[in-house]
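As a plain string of letters, each chain reads:
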Amino acid sequence: MGKVTGFMEYDRLEEGYLPVESRLKNYKEFVIGLKSDDAKVQSARCMDCGTPFCNNGCPVNNIIPDFNDLVFRNDWRNAIRVLHSTNNFPEFTGRICPAPCEAACTLNVNDDAVGIKSIEHAIIDRAWAEGWVAPQPAKHKTGKRVAVVGSGPAGLAAAQQLARAGHDVVVFEKNDRVGGLLRYGIPDFKMEKTHIDRRVKQMEAEGVVFRTGVMVGALPKGSKVTNWAKETVSAEQLKAEFDAVLLAGGAEQSRDLPVPGRELEGVYFAMEFLPQQNKVNAGDKLKGQLRAEGKHVIVIGGGDTGSDCVGTSNRHGAASVTQFELMPTPPEEEDRPLTWPYWPYKLRTSSSHEEGCQREFAIATKEFVGEKGKLTGLKTVRVEWQGGKMVEVPNSEQLLKADMALLAMGFVNPVGTILEAFGVDKDNRGNAKATTEAHHGYRTSVEKVFAAGDMRRGQSLVVWAIREGRQAARSVDEFLMGHSELPR
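Throughout what follows, the structure given in this document is the object of discussion. (Residues numbered from 1 in each chain as written. Predicted model: local features only at pLDDT ≥ 70, side-chain atom pairs only at ≥ 80, totals over all residues. Heavy atoms only, no water.)

Attention now moves to the overall build of the protein. Each helix and strand counted, the protein has 20 helices and 20 strands in total. In summary, the protein has a C-alpha radius of gyration of 23 Å against a globular reference of 23 Å for 488 residues, a match within 12%. Principal-axis analysis of the C-alpha atoms places the extent of the protein at approximately 65 × 60 × 45 Å. Intrachain contacts of the protein at a sequence separation of at least 6 include 68% that bridge at least 24 residues. Carbon together with sulfur atoms contributes 49% to the accessible area of the protein, which is approximately 21,600 Å² in total. Counting 62 positive and 64 negative side-chain charges, the protein places the averaged centre of each group 4 Å from the other. (Helix = DSSP H or I, 4+ residues; strand = E, 2+ residues; numbered from the N terminus. Rg over C-alpha atoms; globule rule 2.2 N^0.38 Å. Contact = heavy atoms within 4.5 Å. Areas by Shrake-Rupley, 256 points an atom, 1.4 Å probe, with all protein chains shown as cover. Lys, Arg positive; Asp, Glu negative; His and termini not counted. Charge placed at Lys NZ, Arg CZ, Asp CG, Glu CD.)

Running from amino to carboxyl end, helix α6 (residues 76-84) crosses helix α9 (residues 116-130) at an angle of 110°, the nearest separation of the two axes being 9 Å. By the angle between their axes, α6 is roughly perpendicular relative to α9. Seen along the crossing, α6 lies across α9 with a hand that is left-handed. Judged by residue contacts, Trp76, Ala79, Ile80, Leu83 and His84 of α6 engage Glu120, Ala122, Ile123, Ile124, Arg126 and Ala127 from α9. Its residues placed into classes, the contact of α6 with α9 shows eight nonpolar, one polar and two charged. (Axes fitted to C-alpha atoms, helices over the stretch in contact; angles between N-to-C directions. Parallel < 35°, antiparallel > 145°, perpendicular 65-115°, else oblique. Left-handed = near helix turned anticlockwise from the far one by under 90°. Nonpolar A, V, L, I, M, F, W, Y, C, P; charged D, E, K, R; others polar.)

The next subject is the sheet that holds strand β18 (residues 404-407). Strand pairing within a sheet occurs via backbone hydrogen bonds; the two strands may be parallel or antiparallel. If you trace the five strands from one edge of the open sheet to the other, you get β10-β18-β11-β12-β13, paired in parallel fashion. Edge positions in the open sheet fall to β10 (267-269) and β13 (358-361), since each of these has one partner strand only. Strand-to-strand twist across the sheet, computed as the mean angle between neighbouring axes with direction ignored, equals 20°. Alignment of β10 against β18, held across three bridges, turns out to be parallel. Residue valine 267 lies in a different strand from β18, and its bridge partner there is alanine 405. (Pairing = 2+ DSSP bridges.)

Let us now look at the pairing of strand β4 (residues 168-173). Buried residues dominate β4, accounting for five of its six residues. Note: strand β3 (residues 145-149) against β4, five bridges, orientation parallel. Opposite arginine 145, over in β4, you have aspartate 168 as the bridge partner. Relative to strand β5 (residues 209-212), β4 runs parallel, the two being bridged by four bridges. Considered in β5, the bridge of valine 170 is made with valine 209. (Buried < 20%, exposed > 50% of the residue type's maximum accessible area, 1.4 Å probe, protein only.)

Turning to the nonpolar core, a few remarks are in order. Ranked by size, the top nonpolar core spans 67 residues in total, and within it Phe67, Phe92, Ile123, Val148, Leu182, Phe210 and Leu246 carry the most contacts. With eight residues, helix α20 (residues 462-481) is the single largest residue contributor to this core. If we skip the residues at most four places from it in the chain, phenylalanine 210 touches Leu156, Val171, Val178, Val200, Met203 and Glu204. In terms of nonpolar packing, the next biggest core, distinct from the first, is built from 24 residues, Phe172, Val216, Leu419 and Met455 among them. (Core = buried A, V, L, I, M, F, W, Y, C linked by side-chain atoms within 4.5 Å.)

Relative to the assigned elements, glutamate 355 resides in the loop between α17 (351-354) and β13. Within the structure, the side chain of glutamate 355 is placed 2.7 Å from the side chain of arginine 23, a separation counted as a polar contact. Discounting residues that sit within four places of it in the chain, glutamate 355 has contacts with Val20, Arg23, Leu24, Phe30, Gly311, Asn314 and Arg315. (Polar contact = N/O pair within 3.5 Å; in protein donor to acceptor, adjacent residues only side chain to side chain.)

For the rest of this paragraph, the subject is the environment of glutamate 265. With respect to the secondary-structure elements, glutamate 265 resides in the loop between β9 (253-254) and β10. Using a relative accessible area of 45% as the deciding quantity, one classes glutamate 265 as partly exposed. Considering only alpha carbons, one finds glutamate 265 and alanine 405, 140 residues apart in sequence, at a separation of 9.5 Å. Excluding anything up to four places from it in sequence, glutamate 265 contacts Gly373, Lys374 and Leu375.

Glancing now at α6. The set of residues buried in α6 consists of Trp76, Ala79, Ile80, Val82 and Leu83. Down the axis, α6 shows its buried residues gathered within 160° of arc, on one side only. Among the structural elements, α3 (36-43), α5 (64-72), α7 (90-96) and α9 are those in contact with the buried residues of α6. (Arc of directions from axis to C-beta.)

All right, on to the pairing of strand β8 (residues 244-247) then. The alternating pattern of β8 places Ala244 and Leu246 and Val245 and Leu247 on opposite faces, both of which are buried. As paired strands, β3 and β8 are joined by four bridges and run parallel to one another. Paired with valine 148 across the strands is leucine 246, a residue of β8. In the sheet, β8 pairs with strand β20 (residues 449-451) via three bridges, with the strands oriented parallel. The residue bridging leucine 246 from the neighbouring strand is phenylalanine 450, located in β20.

Of note, the amide linkage connecting tryptophan 340 to proline 341 takes the cis form, showing an omega dihedral of 5°. Tracing the backbone shows proline 341 in the loop between α16 (336-339) and α17. Backbone geometry places alanine 362, a non-glycine residue, at a positive phi of 55°. With respect to the element layout, alanine 362 can be found in the loop between β13 and β14 (363-371). Exposure remark for alanine 362: the relative accessible area of 14% places this residue in the buried category.

This part covers the packing of helix α14 (residues 270-281) against helix α15 (residues 304-316). Viewed as axis vectors pointing N to C, α14 and α15 meet at an angle of 50°, and their least axial separation amounts to 10 Å. Between α14 and α15, the crossing angle belongs to the class labelled oblique. As for the relative orientation of α14 and α15, their crossing is left-handed in sense. Here α14 contributes Ala270, Phe273, Leu274 and Gln277 to the contact with α15, which in turn contributes Thr305, Asp308, Cys309, Thr312, Ser313 and His316. Of the residues that constitute the contact of α14 with α15, the class distribution is four nonpolar, five polar and one charged.

This is the structure:
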(Lines give C-alpha, C1' and ligand atoms only; values in the text may rest on other atoms or scores of the structure.)
Protein backbone atom coordinates (compact mmCIF):
# COMPACT_ATOMS: atom_id res chain seq x y z
CA MET A 1 0.00 0.00 0.00
CA GLY A 2 0.99 3.61 -0.50
CA LYS A 3 1.34 4.26 3.23
CA VAL A 4 1.73 1.09 5.25
CA THR A 5 1.32 2.85 8.62
CA GLY A 6 -1.58 5.05 7.53
CA PHE A 7 -4.15 3.14 9.55
CA MET A 8 -2.19 3.98 12.71
CA GLU A 9 -1.75 7.64 11.85
CA TYR A 10 -5.14 8.76 10.53
CA ASP A 11 -8.67 8.58 11.89
CA ARG A 12 -11.76 7.73 9.90
CA LEU A 13 -13.30 10.83 8.33
CA GLU A 14 -17.05 10.75 7.68
CA GLU A 15 -18.75 12.55 4.83
CA GLY A 16 -20.54 15.69 5.95
CA TYR A 17 -24.24 16.60 5.92
CA LEU A 18 -25.94 19.90 5.30
CA PRO A 19 -27.78 21.20 8.41
CA VAL A 20 -31.19 19.64 9.06
CA GLU A 21 -33.05 22.96 8.83
CA SER A 22 -31.74 23.61 5.31
CA ARG A 23 -32.10 20.13 3.86
CA LEU A 24 -35.70 19.74 5.02
CA LYS A 25 -36.67 22.61 2.71
CA ASN A 26 -36.08 20.59 -0.46
CA TYR A 27 -35.50 17.11 -1.90
CA LYS A 28 -31.92 17.58 -3.03
CA GLU A 29 -28.98 15.46 -1.93
CA PHE A 30 -27.37 16.83 1.22
CA VAL A 31 -24.29 14.62 1.68
CA ILE A 32 -21.04 16.56 1.36
CA GLY A 33 -18.54 14.24 -0.32
CA LEU A 34 -14.87 14.05 0.59
CA LYS A 35 -12.51 16.47 -1.11
CA SER A 36 -9.66 14.91 -3.07
CA ASP A 37 -7.10 15.50 -0.32
CA ASP A 38 -9.41 14.04 2.35
CA ALA A 39 -10.11 10.99 0.18
CA LYS A 40 -6.36 10.52 -0.23
CA VAL A 41 -5.86 10.55 3.56
CA GLN A 42 -8.77 8.18 4.06
CA SER A 43 -7.37 5.79 1.44
CA ALA A 44 -4.04 5.84 3.30
CA ARG A 45 -5.83 4.03 6.16
CA CYS A 46 -6.25 0.94 3.94
CA MET A 47 -4.01 -1.73 5.47
CA ASP A 48 -1.64 -4.06 3.71
CA CYS A 49 -3.71 -6.79 5.32
CA GLY A 50 -2.87 -9.69 3.03
CA THR A 51 -6.42 -11.02 2.79
CA PRO A 52 -8.78 -8.17 1.80
CA PHE A 53 -12.03 -9.27 3.43
CA CYS A 54 -13.61 -6.07 2.08
CA ASN A 55 -13.37 -7.56 -1.41
CA ASN A 56 -15.45 -10.57 -0.36
CA GLY A 57 -17.81 -8.48 1.76
CA CYS A 58 -18.70 -6.47 -1.36
CA PRO A 59 -21.29 -8.33 -3.48
CA VAL A 60 -19.76 -7.04 -6.75
CA ASN A 61 -16.27 -7.87 -5.44
CA ASN A 62 -14.92 -4.36 -5.91
CA ILE A 63 -11.12 -4.41 -5.95
CA ILE A 64 -11.02 -2.07 -2.99
CA PRO A 65 -7.34 -2.12 -1.91
CA ASP A 66 -6.29 -1.34 -5.48
CA PHE A 67 -8.49 1.70 -5.98
CA ASN A 68 -7.63 2.92 -2.48
CA ASP A 69 -3.95 2.74 -3.37
CA LEU A 70 -4.51 4.55 -6.67
CA VAL A 71 -6.37 7.37 -4.90
CA PHE A 72 -3.52 7.67 -2.41
CA ARG A 73 -1.14 8.02 -5.36
CA ASN A 74 -3.42 10.63 -7.01
CA ASP A 75 -3.99 8.30 -9.98
CA TRP A 76 -7.72 8.96 -10.12
CA ARG A 77 -8.14 7.97 -13.75
CA ASN A 78 -6.91 4.45 -13.12
CA ALA A 79 -8.93 4.37 -9.90
CA ILE A 80 -12.16 4.75 -11.87
CA ARG A 81 -11.00 2.09 -14.34
CA VAL A 82 -10.50 -0.36 -11.49
CA LEU A 83 -13.84 0.60 -9.95
CA HIS A 84 -15.71 0.27 -13.25
CA SER A 85 -14.14 -3.14 -13.87
CA THR A 86 -16.49 -4.65 -11.28
CA ASN A 87 -19.24 -2.06 -10.84
CA ASN A 88 -21.20 -0.44 -13.68
CA PHE A 89 -22.77 2.24 -11.49
CA PRO A 90 -20.59 3.32 -8.54
CA GLU A 91 -22.55 6.60 -8.33
CA PHE A 92 -25.54 4.50 -7.20
CA THR A 93 -23.69 2.31 -4.71
CA GLY A 94 -21.56 5.23 -3.49
CA ARG A 95 -24.78 6.89 -2.37
CA ILE A 96 -27.25 4.22 -1.30
CA CYS A 97 -25.33 1.01 -0.58
CA PRO A 98 -25.09 0.27 3.17
CA ALA A 99 -21.43 -0.69 2.62
CA PRO A 100 -21.05 -4.33 3.72
CA CYS A 101 -17.45 -3.90 2.54
CA GLU A 102 -16.80 -1.63 5.52
CA ALA A 103 -18.27 -4.16 7.95
CA ALA A 104 -15.78 -6.68 6.51
CA CYS A 105 -12.78 -4.30 6.61
CA THR A 106 -9.90 -5.85 8.57
CA LEU A 107 -9.42 -2.56 10.41
CA ASN A 108 -13.01 -2.92 11.66
CA VAL A 109 -11.95 -5.80 13.94
CA ASN A 110 -10.93 -3.35 16.64
CA ASP A 111 -11.01 0.13 15.10
CA ASP A 112 -13.08 2.25 12.71
CA ALA A 113 -13.28 0.80 9.21
CA VAL A 114 -11.77 2.53 6.20
CA GLY A 115 -14.36 4.87 4.64
CA ILE A 116 -14.59 2.76 1.49
CA LYS A 117 -18.00 4.04 0.42
CA SER A 118 -16.91 7.67 0.69
CA ILE A 119 -13.80 6.96 -1.41
CA GLU A 120 -15.92 5.23 -4.05
CA HIS A 121 -18.27 8.23 -4.03
CA ALA A 122 -15.31 10.59 -4.51
CA ILE A 123 -13.85 8.54 -7.38
CA ILE A 124 -17.00 8.39 -9.49
CA ASP A 125 -17.98 12.01 -8.88
CA ARG A 126 -14.54 13.13 -9.99
CA ALA A 127 -14.70 10.81 -13.02
CA TRP A 128 -17.95 12.42 -14.18
CA ALA A 129 -16.57 15.90 -13.53
CA GLU A 130 -13.40 15.17 -15.52
CA GLY A 131 -15.29 13.61 -18.45
CA TRP A 132 -13.76 10.17 -17.95
CA VAL A 133 -17.10 8.32 -18.13
CA ALA A 134 -17.71 7.84 -21.83
CA PRO A 135 -19.75 5.44 -23.99
CA GLN A 136 -18.06 2.14 -24.83
CA PRO A 137 -19.92 0.86 -27.90
CA ALA A 138 -19.14 -2.62 -29.17
CA LYS A 139 -16.66 -2.83 -32.01
CA HIS A 140 -18.57 -5.69 -33.63
CA LYS A 141 -22.28 -6.54 -33.57
CA THR A 142 -23.46 -10.11 -33.12
CA GLY A 143 -26.88 -9.77 -34.71
CA LYS A 144 -28.49 -11.27 -31.58
CA ARG A 145 -31.39 -9.50 -29.88
CA VAL A 146 -31.97 -9.51 -26.13
CA ALA A 147 -35.00 -8.20 -24.24
CA VAL A 148 -34.44 -7.01 -20.67
CA VAL A 149 -37.62 -6.66 -18.62
CA GLY A 150 -37.13 -4.06 -15.89
CA SER A 151 -34.84 -1.03 -15.82
CA GLY A 152 -33.68 -1.13 -12.22
CA PRO A 153 -30.01 -1.70 -11.33
CA ALA A 154 -30.06 -5.38 -12.33
CA GLY A 155 -31.64 -4.67 -15.71
CA LEU A 156 -29.40 -1.68 -16.39
CA ALA A 157 -26.20 -3.54 -15.48
CA ALA A 158 -27.16 -6.52 -17.64
CA ALA A 159 -28.20 -4.31 -20.56
CA GLN A 160 -24.95 -2.37 -20.51
CA GLN A 161 -22.81 -5.50 -20.41
CA LEU A 162 -24.79 -7.20 -23.19
CA ALA A 163 -24.63 -4.11 -25.42
CA ARG A 164 -20.87 -3.92 -24.94
CA ALA A 165 -20.68 -7.57 -26.00
CA GLY A 166 -22.29 -6.55 -29.31
CA HIS A 167 -25.89 -7.62 -28.83
CA ASP A 168 -28.91 -5.48 -29.69
CA VAL A 169 -30.57 -4.83 -26.34
CA VAL A 170 -34.06 -3.48 -25.70
CA VAL A 171 -35.03 -2.61 -22.12
CA PHE A 172 -38.73 -2.64 -21.25
CA GLU A 173 -39.95 -0.50 -18.32
CA LYS A 174 -43.60 -0.27 -17.28
CA ASN A 175 -43.24 3.19 -15.77
CA ASP A 176 -42.68 6.44 -17.63
CA ARG A 177 -38.98 6.80 -16.84
CA VAL A 178 -36.00 4.48 -16.62
CA GLY A 179 -34.64 3.37 -13.26
CA GLY A 180 -37.08 0.97 -11.61
CA LEU A 181 -36.99 1.23 -7.82
CA LEU A 182 -33.93 3.49 -8.11
CA ARG A 183 -36.23 6.01 -9.80
CA TYR A 184 -39.51 5.42 -7.99
CA GLY A 185 -38.42 4.01 -4.66
CA ILE A 186 -35.29 5.85 -3.55
CA PRO A 187 -36.04 9.44 -2.47
CA ASP A 188 -34.26 12.19 -4.36
CA PHE A 189 -32.60 13.43 -1.19
CA LYS A 190 -30.70 10.12 -1.07
CA MET A 191 -29.98 9.96 -4.79
CA GLU A 192 -30.96 12.59 -7.34
CA LYS A 193 -32.24 11.11 -10.57
CA THR A 194 -29.77 13.00 -12.77
CA HIS A 195 -27.37 10.14 -11.95
CA ILE A 196 -29.70 7.70 -13.69
CA ASP A 197 -30.34 10.07 -16.60
CA ARG A 198 -26.70 10.46 -17.57
CA ARG A 199 -26.15 6.69 -17.42
CA VAL A 200 -29.15 6.25 -19.72
CA LYS A 201 -27.55 8.66 -22.20
CA GLN A 202 -24.29 6.72 -22.01
CA MET A 203 -26.12 3.41 -22.59
CA GLU A 204 -28.15 4.81 -25.49
CA ALA A 205 -24.86 5.87 -27.10
CA GLU A 206 -23.72 2.26 -26.61
CA GLY A 207 -26.77 1.04 -28.52
CA VAL A 208 -29.25 0.17 -25.76
CA VAL A 209 -32.87 0.95 -26.65
CA PHE A 210 -35.23 1.90 -23.82
CA ARG A 211 -38.98 1.41 -24.16
CA THR A 212 -40.75 3.08 -21.24
CA GLY A 213 -44.43 2.95 -20.43
CA VAL A 214 -44.59 -0.66 -21.65
CA MET A 215 -46.05 -3.36 -19.40
CA VAL A 216 -44.81 -6.88 -20.07
CA GLY A 217 -47.60 -9.25 -19.10
CA ALA A 218 -50.14 -7.90 -16.60
CA LEU A 219 -50.51 -6.98 -12.95
CA PRO A 220 -53.13 -8.72 -10.80
CA LYS A 221 -56.49 -6.98 -10.52
CA GLY A 222 -56.43 -4.37 -7.76
CA SER A 223 -52.62 -4.40 -7.50
CA LYS A 224 -51.05 -1.47 -5.64
CA VAL A 225 -47.77 -1.80 -7.54
CA THR A 226 -46.78 1.42 -9.30
CA ASN A 227 -47.73 1.17 -12.97
CA TRP A 228 -47.77 4.08 -15.41
CA ALA A 229 -47.73 1.91 -18.53
CA LYS A 230 -49.54 3.05 -21.68
CA GLU A 231 -49.11 -0.11 -23.70
CA THR A 232 -48.72 -3.84 -23.14
CA VAL A 233 -46.66 -6.57 -24.77
CA SER A 234 -47.06 -10.25 -24.08
CA ALA A 235 -44.48 -12.73 -22.90
CA GLU A 236 -45.06 -14.68 -26.10
CA GLN A 237 -44.22 -11.62 -28.20
CA LEU A 238 -40.87 -11.19 -26.47
CA LYS A 239 -39.99 -14.86 -26.76
CA ALA A 240 -40.84 -14.76 -30.46
CA GLU A 241 -39.03 -11.52 -31.30
CA PHE A 242 -35.85 -11.91 -29.23
CA ASP A 243 -33.08 -14.49 -29.00
CA ALA A 244 -33.05 -14.24 -25.20
CA VAL A 245 -35.16 -12.59 -22.51
CA LEU A 246 -33.87 -11.50 -19.11
CA LEU A 247 -36.41 -10.88 -16.34
CA ALA A 248 -34.88 -8.23 -14.07
CA GLY A 249 -37.84 -6.52 -12.41
CA GLY A 250 -37.99 -5.64 -8.74
CA ALA A 251 -39.56 -7.46 -5.81
CA GLU A 252 -42.48 -5.04 -5.83
CA GLN A 253 -45.09 -7.05 -3.95
CA SER A 254 -45.21 -5.24 -0.59
CA ARG A 255 -45.77 -7.15 2.64
CA ASP A 256 -49.26 -6.31 3.91
CA LEU A 257 -50.62 -6.01 7.45
CA PRO A 258 -54.04 -7.72 7.45
CA VAL A 259 -55.44 -6.46 10.75
CA PRO A 260 -58.88 -4.91 11.38
CA GLY A 261 -59.24 -1.47 9.81
CA ARG A 262 -56.74 -2.09 7.01
CA GLU A 263 -59.28 -0.72 4.49
CA LEU A 264 -59.43 2.73 6.13
CA GLU A 265 -58.43 5.79 4.16
CA GLY A 266 -55.04 6.85 5.45
CA VAL A 267 -53.42 3.39 5.47
CA TYR A 268 -51.05 2.97 2.53
CA PHE A 269 -48.10 0.95 1.36
CA ALA A 270 -44.81 2.85 1.41
CA MET A 271 -44.58 2.16 -2.30
CA GLU A 272 -47.81 4.01 -2.91
CA PHE A 273 -46.41 7.02 -1.03
CA LEU A 274 -42.76 7.27 -2.12
CA PRO A 275 -43.08 6.97 -5.94
CA GLN A 276 -45.59 9.81 -6.05
CA GLN A 277 -43.09 12.22 -4.51
CA ASN A 278 -40.41 11.13 -6.99
CA LYS A 279 -42.83 11.81 -9.82
CA VAL A 280 -43.72 15.27 -8.50
CA ASN A 281 -40.01 16.05 -8.05
CA ALA A 282 -39.53 15.21 -11.72
CA GLY A 283 -41.91 18.03 -12.61
CA ASP A 284 -45.08 16.01 -13.21
CA LYS A 285 -48.45 17.14 -11.96
CA LEU A 286 -50.17 14.44 -9.94
CA LYS A 287 -53.79 14.53 -8.84
CA GLY A 288 -54.51 13.22 -5.38
CA GLN A 289 -50.89 12.96 -4.21
CA LEU A 290 -50.56 11.33 -0.80
CA ARG A 291 -49.26 14.07 1.50
CA ALA A 292 -48.16 13.92 5.12
CA GLU A 293 -48.45 17.67 5.64
CA GLY A 294 -49.93 18.48 9.06
CA LYS A 295 -50.57 14.81 9.80
CA HIS A 296 -49.51 12.50 12.58
CA VAL A 297 -47.68 9.80 10.64
CA ILE A 298 -46.83 6.31 11.85
CA VAL A 299 -44.40 4.31 9.72
CA ILE A 300 -44.65 0.57 10.32
CA GLY A 301 -41.31 -1.07 9.56
CA GLY A 302 -37.84 -0.20 10.82
CA GLY A 303 -35.76 -0.67 7.69
CA ASP A 304 -34.51 1.57 4.90
CA THR A 305 -37.90 1.95 3.23
CA GLY A 306 -39.37 3.05 6.54
CA SER A 307 -36.53 5.52 6.97
CA ASP A 308 -37.28 6.90 3.49
CA CYS A 309 -40.90 7.41 4.53
CA VAL A 310 -39.71 9.29 7.62
CA GLY A 311 -37.52 11.66 5.59
CA THR A 312 -40.24 12.28 3.00
CA SER A 313 -42.91 12.88 5.67
CA ASN A 314 -40.70 15.42 7.40
CA ARG A 315 -40.19 17.25 4.12
CA HIS A 316 -43.94 17.33 3.62
CA GLY A 317 -44.28 19.03 7.01
CA ALA A 318 -45.81 16.23 9.08
CA ALA A 319 -47.08 17.19 12.54
CA SER A 320 -45.24 14.17 13.98
CA VAL A 321 -43.49 11.06 12.68
CA THR A 322 -43.21 7.78 14.59
CA GLN A 323 -41.53 4.64 13.32
CA PHE A 324 -42.44 1.15 14.56
CA GLU A 325 -40.11 -1.84 14.65
CA LEU A 326 -41.34 -5.28 15.72
CA MET A 327 -37.94 -6.41 16.99
CA PRO A 328 -36.37 -5.22 20.27
CA THR A 329 -33.93 -2.31 20.36
CA PRO A 330 -30.57 -3.50 18.95
CA PRO A 331 -27.34 -2.93 20.92
CA GLU A 332 -25.56 0.40 20.40
CA GLU A 333 -22.38 -1.43 19.34
CA GLU A 334 -22.01 -4.75 17.60
CA ASP A 335 -20.20 -7.72 19.11
CA ARG A 336 -17.26 -7.54 16.72
CA PRO A 337 -15.49 -10.78 17.76
CA LEU A 338 -18.78 -12.57 17.10
CA THR A 339 -19.93 -10.90 13.87
CA TRP A 340 -16.85 -9.71 11.94
CA PRO A 341 -16.50 -9.85 8.92
CA TYR A 342 -20.25 -10.25 8.46
CA TRP A 343 -22.97 -7.59 8.55
CA PRO A 344 -23.43 -6.78 12.26
CA TYR A 345 -26.61 -6.49 14.28
CA LYS A 346 -26.61 -3.08 15.93
CA LEU A 347 -28.70 0.08 16.27
CA ARG A 348 -28.54 2.14 13.10
CA THR A 349 -29.64 5.76 13.01
CA SER A 350 -30.23 7.18 9.55
CA SER A 351 -30.05 10.79 8.45
CA SER A 352 -33.86 10.74 8.24
CA HIS A 353 -34.12 9.72 11.89
CA GLU A 354 -31.88 12.64 12.82
CA GLU A 355 -34.26 15.01 11.03
CA GLY A 356 -37.05 14.20 13.47
CA CYS A 357 -38.61 10.88 14.40
CA GLN A 358 -39.86 8.99 17.46
CA ARG A 359 -38.68 5.38 17.23
CA GLU A 360 -40.59 2.59 18.95
CA PHE A 361 -39.16 -0.91 19.23
CA ALA A 362 -40.81 -4.21 20.22
CA ILE A 363 -44.24 -2.96 19.23
CA ALA A 364 -46.97 -4.52 17.10
CA THR A 365 -50.08 -3.06 15.49
CA LYS A 366 -53.31 -4.81 16.49
CA GLU A 367 -55.85 -2.63 14.72
CA PHE A 368 -56.29 0.48 12.58
CA VAL A 369 -58.95 2.67 14.18
CA GLY A 370 -61.01 5.24 12.29
CA GLU A 371 -64.06 7.43 12.04
CA LYS A 372 -66.25 7.81 8.94
CA GLY A 373 -63.89 5.61 6.98
CA LYS A 374 -60.75 7.62 7.79
CA LEU A 375 -57.81 6.60 9.98
CA THR A 376 -57.62 8.25 13.40
CA GLY A 377 -55.30 5.96 15.33
CA LEU A 378 -53.56 2.63 15.87
CA LYS A 379 -54.15 0.09 18.61
CA THR A 380 -50.77 -1.32 19.57
CA VAL A 381 -49.27 -3.84 21.97
CA ARG A 382 -45.76 -4.33 23.29
CA VAL A 383 -44.10 -7.62 22.44
CA GLU A 384 -41.29 -9.80 23.75
CA TRP A 385 -39.36 -12.58 22.07
CA GLN A 386 -39.24 -15.83 24.00
CA GLY A 387 -37.66 -18.92 22.50
CA GLY A 388 -37.76 -17.34 19.07
CA LYS A 389 -41.48 -16.63 19.30
CA MET A 390 -43.22 -13.29 19.65
CA VAL A 391 -45.31 -12.95 22.81
CA GLU A 392 -47.56 -10.01 23.67
CA VAL A 393 -46.82 -8.22 26.93
CA PRO A 394 -49.94 -8.27 29.15
CA ASN A 395 -51.66 -4.92 29.80
CA SER A 396 -49.43 -3.07 27.32
CA GLU A 397 -52.12 -2.05 24.84
CA GLN A 398 -52.14 1.58 23.67
CA LEU A 399 -54.14 3.74 21.29
CA LEU A 400 -51.86 6.11 19.37
CA LYS A 401 -53.11 9.00 17.28
CA ALA A 402 -52.45 8.74 13.55
CA ASP A 403 -53.84 10.37 10.41
CA MET A 404 -51.56 8.38 8.10
CA ALA A 405 -50.01 4.92 8.44
CA LEU A 406 -47.36 3.80 5.97
CA LEU A 407 -46.62 0.08 5.64
CA ALA A 408 -42.88 -0.36 5.09
CA MET A 409 -42.37 -3.94 6.15
CA GLY A 410 -40.40 -5.10 3.15
CA PHE A 411 -41.34 -6.95 0.00
CA VAL A 412 -42.40 -10.56 -0.25
CA ASN A 413 -41.64 -11.37 -3.90
CA PRO A 414 -41.88 -10.20 -7.50
CA VAL A 415 -45.33 -9.79 -8.99
CA GLY A 416 -46.42 -13.39 -9.59
CA THR A 417 -48.40 -12.75 -12.77
CA ILE A 418 -45.26 -11.60 -14.60
CA LEU A 419 -43.48 -14.89 -13.90
CA GLU A 420 -46.62 -16.84 -14.71
CA ALA A 421 -46.91 -15.07 -18.07
CA PHE A 422 -43.55 -16.54 -19.05
CA GLY A 423 -44.37 -19.90 -17.47
CA VAL A 424 -41.18 -20.01 -15.39
CA ASP A 425 -40.96 -22.15 -12.28
CA LYS A 426 -40.92 -20.35 -8.92
CA ASP A 427 -39.01 -21.19 -5.77
CA ASN A 428 -40.72 -21.58 -2.41
CA ARG A 429 -40.59 -17.81 -1.84
CA GLY A 430 -42.34 -16.94 -5.09
CA ASN A 431 -39.21 -15.82 -6.95
CA ALA A 432 -38.09 -17.03 -10.37
CA LYS A 433 -36.26 -20.30 -9.88
CA ALA A 434 -32.73 -20.12 -11.27
CA THR A 435 -29.26 -20.95 -9.97
CA THR A 436 -26.15 -18.75 -9.98
CA GLU A 437 -23.74 -21.41 -11.22
CA ALA A 438 -20.81 -20.31 -13.34
CA HIS A 439 -22.18 -22.16 -16.37
CA HIS A 440 -25.85 -22.03 -17.31
CA GLY A 441 -26.52 -19.73 -14.35
CA TYR A 442 -29.58 -17.49 -14.16
CA ARG A 443 -31.50 -19.70 -16.60
CA THR A 444 -35.12 -20.33 -15.72
CA SER A 445 -37.13 -23.45 -16.51
CA VAL A 446 -38.15 -21.87 -19.84
CA GLU A 447 -35.81 -22.00 -22.82
CA LYS A 448 -33.94 -18.72 -23.46
CA VAL A 449 -35.60 -16.96 -20.49
CA PHE A 450 -33.26 -15.80 -17.72
CA ALA A 451 -33.88 -14.08 -14.36
CA ALA A 452 -31.68 -11.89 -12.15
CA GLY A 453 -31.79 -9.40 -9.29
CA ASP A 454 -34.86 -9.15 -7.08
CA MET A 455 -36.81 -11.20 -9.62
CA ARG A 456 -34.57 -14.17 -8.80
CA ARG A 457 -33.29 -13.59 -5.26
CA GLY A 458 -36.10 -11.51 -3.74
CA GLN A 459 -35.79 -8.12 -2.04
CA SER A 460 -32.14 -7.15 -1.73
CA LEU A 461 -29.56 -4.39 -2.05
CA VAL A 462 -28.71 -2.33 -5.12
CA VAL A 463 -25.21 -3.80 -5.07
CA TRP A 464 -26.60 -7.35 -5.24
CA ALA A 465 -28.79 -6.31 -8.17
CA ILE A 466 -25.77 -4.98 -10.07
CA ARG A 467 -23.83 -8.17 -9.35
CA GLU A 468 -26.64 -10.41 -10.58
CA GLY A 469 -27.23 -8.27 -13.66
CA ARG A 470 -23.56 -8.55 -14.61
CA GLN A 471 -23.41 -12.28 -14.00
CA ALA A 472 -26.68 -12.90 -15.84
CA ALA A 473 -25.35 -10.92 -18.80
CA ARG A 474 -22.40 -13.28 -19.04
CA SER A 475 -24.72 -16.30 -18.93
CA VAL A 476 -26.94 -14.82 -21.65
CA ASP A 477 -23.86 -14.07 -23.77
CA GLU A 478 -22.62 -17.65 -23.33
CA PHE A 479 -26.05 -18.96 -24.29
CA LEU A 480 -26.14 -16.87 -27.45
CA MET A 481 -22.52 -17.21 -28.57
CA GLY A 482 -21.27 -20.44 -26.98
CA HIS A 483 -18.68 -18.53 -24.97
CA SER A 484 -18.29 -15.13 -23.28
CA GLU A 485 -15.51 -12.70 -22.58
CA LEU A 486 -17.68 -10.64 -20.23
CA PRO A 487 -16.38 -10.55 -16.65
CA ARG A 488 -18.32 -12.50 -14.07
